[in-house]
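Structure assessment
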2 protein chains.
Amino acid sequence: MSQPGPIVCRAIGVIRSEHTSPQETPIQPVYARGCRGYAEVCSEFAEGLKDLDGFSHVYLIYFFHQCREVKLTVKPFLQDVDRGIFSTRAPFRPNPIGLSVVELIKVEDNVVHFDGADILDGTPLLDIKPYTEKFDLYDVKKSGWQDEVDEETARVRGRREYKTK
Amino acid sequence: MSQPGPIVCRAIGVIRSEHTSPQETPIQPVYARGCRGYAEVCSEFAEGLKDLDGFSHVYLIYFFHQCREVKLTVKPFLQDVDRGIFSTRAPFRPNPIGLSVVELIKVEDNVVHFDGADILDGTPLLDIKPYTEKFDLYDVKKSGWQDEVDEETARVRGRREYKTK
């Protein structure tokens, strides 16, 4: 396969949250309910936020800026078994790009307020996309190794509650 | 806001599909059912595909490599009204990153076969993530301007059928 050159992106803003330690940041928005955050979009792109407030949920795409390592297999946060990195949402990816579906609270000028912040404070924002009824709801038939993890275990690990017990 | 430096990614592979013209490529996997495609992952990252075959759906994250222009407002494919780019999935984004939820067919060595190809042949792949029951199904309460588009219109426009009529 040909090896194309680098793909250059830029931060279009920054994500702010209460989470300052990777070890205490919840895993996925579903385990971060009640954690508020906001994305501050650079003013030059603020016009692009028009109409976003009509959606109940949005995707945030961002860069895991504190991740310095690539691992092709990892123990995912929810299970102590080595899994292929692409079968997990762990940050140690060849391109450390993160994806969260968050609940939109409001858009004020260039600031997007949301609930479900599973993202470290100061994370560079790459993109915002609407999560919609027409495009994003699929009939999940199997969720791989995640089907082996019961809901209570997922919740406790997802919320990082086991760290403080 | 501080202006951090460039964020450098690399293609981890390439996406292959039957679509060679942007104007004839379906909009979103939901309007591309029956369109098969595959992602050929660079062999150096193939180990990361372990366990992926247990999932029925995956996210593909990729780079809109033929998009040369940024527009902060666009007429989305499904509606002839100018909308903020971040309230659409159009390619003309400050970072031209695409996101598709596709149905996984099989993983063979470094090749991921899928259905729902709404992606141009030759598109650089940035990441693959599992789409899971625990993480990715949200109770969509409103889908903004998309709620104004009836299903039949969305289907016809999404499949690009109006181009050939």
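Higher on the page you've got the structure.
What this report covers is the structure whose coordinates are included nearby. (Residues numbered from 1 in each chain as written. Chains lettered and ligands numbered in written order. Predicted model: local features only at pLDDT ≥ 70, side-chain atom pairs only at ≥ 80, totals over all residues. Heavy atoms only, no water.)

**Details of the overall build of chain A**
Across its full length, chain A holds two helices and nine strands. For chain A, the sequential pattern of α-helices and β-strands runs β-β-β-β-β-β-β-β-β-α-α. Over its C-alpha atoms chain A spans a radius of gyration of 17 Å, differing by no more than 12% from the 15 Å that the globule rule assigns to 165 residues. Seen along its three principal axes, the alpha-carbon backbone of chain A occupies a region of about 45 × 45 × 35 Å. Across the 165 residues in chain A, those meeting the buried criterion constitute 60%. Taking as baseline every contact in chain A between residues at least 6 positions apart, the subset at least 24 positions apart corresponds to 77%. Summing over all exposed atoms, chain A offers an accessible surface of approximately 7100 Å²; the carbon and sulfur share of this is 46%. Computed over 22 positive and 26 negative side-chain charges, the separation of the two mean positions in chain A equals 5 Å. (Helix = DSSP H or I, 4+ residues; strand = E, 2+ residues; numbered from the N terminus. Rg over C-alpha atoms; globule rule 2.2 N^0.38 Å. Buried < 20%, exposed > 50% of the residue type's maximum accessible area, 1.4 Å probe, protein only. Contact = heavy atoms within 4.5 Å. Areas by Shrake-Rupley, 256 points an atom, 1.4 Å probe, with all protein chains shown as cover. Lys, Arg positive; Asp, Glu negative; His and termini not counted. Charge placed at Lys NZ, Arg CZ, Asp CG, Glu CD.)

**A closer look at helix α2 (residues 151-158) of chain B**
Within the sequence span of α2 of chain B, burial applies to Ala-154, Val-156, Arg-157 and Gly-158 of chain B. Buried-residue contacts for α2 of chain B involve α1 (133-136) of chain A. At the N-terminal end of α2 of chain B, a side-chain oxygen is found 3.1 Å from the backbone nitrogen of Glu-152 of chain B, two or three residues along, and the residue is Asp-150 of chain B. The positive-phi residue at the C-terminal boundary of α2 of chain B is Arg-160 of chain B, with phi of around 60°. (Polar contact = N/O pair within 3.5 Å; in protein donor to acceptor, adjacent residues only side chain to side chain.)

**A short note on the pattern of salt bridges**
Residue and element names in this part refer to chain B. Within the structure shown, the criterion is met by 28 salt bridges over all chains. When the shortest N-O distance is used, the salt bridge between Asp-51 and Lys-50 registers 3.3 Å. In this structure Lys-50 comes out as partly exposed when scored by relative accessible area, which is 40%. Glu-152 is paired through a salt bridge with Arg-155; the nearest N and O atoms lie 3.5 Å apart. Taken together, the residues span about one helical turn, with Glu-152 and Arg-155 both in helix α2 at a distance of three residues. We classify Arg-155 as partly exposed; its relative accessible area is 35%. (Salt bridge = Lys/Arg side-chain N within 4 Å of Asp/Glu carboxyl O.)

**Examining the nonpolar core**
Counting residues in each nonpolar core, the largest one holds 42 residues, and the members touching the most others are Tyr-59, Ile-97 and Leu-126 of chain A together with Tyr-59, Ile-97 and Leu-126 of chain B. Of all the secondary-structure elements, those providing two or more residues to this core are β1 (7-9), β4 (57-63), β7 (97-108) and β9 (123-131) of chain A together with β1 (7-9), β4 (57-63), β7 (97-108) and β9 (123-131) of chain B. (Core = buried A, V, L, I, M, F, W, Y, C linked by side-chain atoms within 4.5 Å.)

**Regarding the interface of chain A and chain B**
Tallying the contact residues gives 82 residues for chain A and 81 residues for chain B. Summed over both partners, the interface of chain A with chain B buries about 7600 Å², with 61% contributed by carbon and sulfur atoms. It is Phe-86, Lys-134 and Tyr-138 of chain A that lose the most area in chain A upon contact with chain B, and together they represent 12% of the buried surface on that side. Remark: the boundary between chain A and chain B carries eight salt bridges. Among the salt bridges present, the one from Asp-127 of chain B reaches Arg-93 of chain A, with a minimum N-O distance of 2.7 Å. At the surface where chain A touches chain B, the tally comes to 50 residue pairs in polar contact (both at pLDDT 80 or more). (Buried area = accessible area lost by both parts, 1.4 Å probe.)

**Some remarks on the environment of Thr-123 of chain B**
Residue and element names in this part refer to chain B. Looking at where Thr-123 falls in the secondary structure, it is placed in strand β9. Each residue touching Thr-123, except ones within four places of it in the same chain, is listed here: Gly-13, Val-14, Ile-15, Tyr-62, Phe-63 and His-65. Among the polar contacts listed, one links the side chain of Thr-123 to the backbone oxygen of Leu-120, at a separation of 2.6 Å.

**A look at the relation of the copies chain A and chain B**
Rotating chain A by 180° and translating it 0.0 Å along the rotation axis places it on chain B, where the RMSD comes to 0.0 Å. The symmetry that links the two subunits is that of a two-fold axis. For chain A, the smallest separation between a C-alpha atom and the rotation axis is recorded for Val-8 of chain A, amounting to 2.3 Å. Most of the interface of chain A is mirrored in chain B, where 99% of its interface residues are also at the interface. (Least-squares fit on C-alpha atoms with pLDDT ≥ 70 in both.)

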